[in-house]
Amino acid sequence: MNTTTTQGVTVSVTTNYLPDYSSPSQEHYVFAYKIDIQNNSEYTVKLLRRHWYIYDANGVVREVEGEGVVGQQPSLEPGDSHQYVSGCNLKSGLGKMRGTYQMERLVDGRTFMVEIPEFTLVVPYRLN
């Protein structure tokens, strides 16, 4: 599990390779990642936007940004957490992702960026 904390907001990531949705012979590798966002700050915060960089070992870099996560813009009171699962496909079976969330402190409307820790996406047999 990869974890980082920014201004009291902790983001943890775990990943899984999905062989049933992948087709290595067609250079199509599918991964799921689970994100856990924990608000350890003293303020209620709202997740406004996401910004991802997806690196494939074949040299392709994709950038993805947009509102919320999986159609939601969750608000987290102090001590609350939010989890979601999403996915990514690669052509090489080896890559990594990193990014940021734009958050808003609801008490004063101040926005700030929360780092999403870099994590790898690796087909298990490539680890040997």
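Residues numbered from 1 in each chain as written. Predicted model: local features only at pLDDT ≥ 70, side-chain atom pairs only at ≥ 80, totals over all residues. Heavy atoms only, no water.

Draft legend 1. Up close: the overall build of the protein. A tally of regular secondary structure across the protein gives zero helices and nine strands. Projecting the C-alpha coordinates of the protein onto the three principal axes gives extents of approximately 50 × 25 × 20 Å. In the protein, which comprises 128 residues, the proportion classed as buried is 38%. A separation of at least 24 residues holds for 64% of the contacts in the protein among residues at least 6 apart in sequence. Within the structure as shown, the protein displays about 7000 Å² of accessible surface, and the carbon and sulfur contribution to it stands at 44%. One finds the centroid of the 11 positive side-chain charges in the protein at a distance of 5 Å from the centroid of its 14 negative side-chain charges. (Helix = DSSP H or I, 4+ residues; strand = E, 2+ residues; numbered from the N terminus. Buried < 20%, exposed > 50% of the residue type's maximum accessible area, 1.4 Å probe, protein only. Contact = heavy atoms within 4.5 Å. Areas by Shrake-Rupley, 256 points an atom, 1.4 Å probe, with all protein chains shown as cover. Lys, Arg positive; Asp, Glu negative; His and termini not counted. Charge placed at Lys NZ, Arg CZ, Asp CG, Glu CD.)

Draft legend 2. Layout of the environment of Leu-94. By the element assignment, Leu-94 lies in strand E8 (residues 94-105). Along the primary structure Leu-94 and Val-123 are separated by 29 residues, whereas in three dimensions their C-alpha atoms are 6.5 Å apart.

Draft legend 3. Structural context of the pattern of salt bridges. A full pass over the atoms with the stated rule returns two salt bridges. One salt bridge in this structure joins Lys-96 and Glu-118, with 3.8 Å as the shortest N-O distance. Highlighted residues: Lys-96 in strand E8 and Glu-118 in strand E9 (residues 111-122), separated in sequence by 22 residues. Take Glu-118: its relative accessible area is 39%, and that puts it in the partly exposed class. (Salt bridge = Lys/Arg side-chain N within 4 Å of Asp/Glu carboxyl O.)

Draft legend 4. The environment of Val-9, seen in detail. Residue placement: Val-9 occurs in strand E2 (residues 9-17). Its relative accessible area of 1% is what places Val-9 among the buried residues. Placed 53 residues apart in sequence, Val-9 and Arg-62 show a C-alpha to C-alpha distance of 25 Å. For Val-9, the contacting residues outside a window of four places in its chain are Thr-4, Ile-37, Gln-38, Asn-39, Val-45, Met-103, Phe-112 and Val-114.

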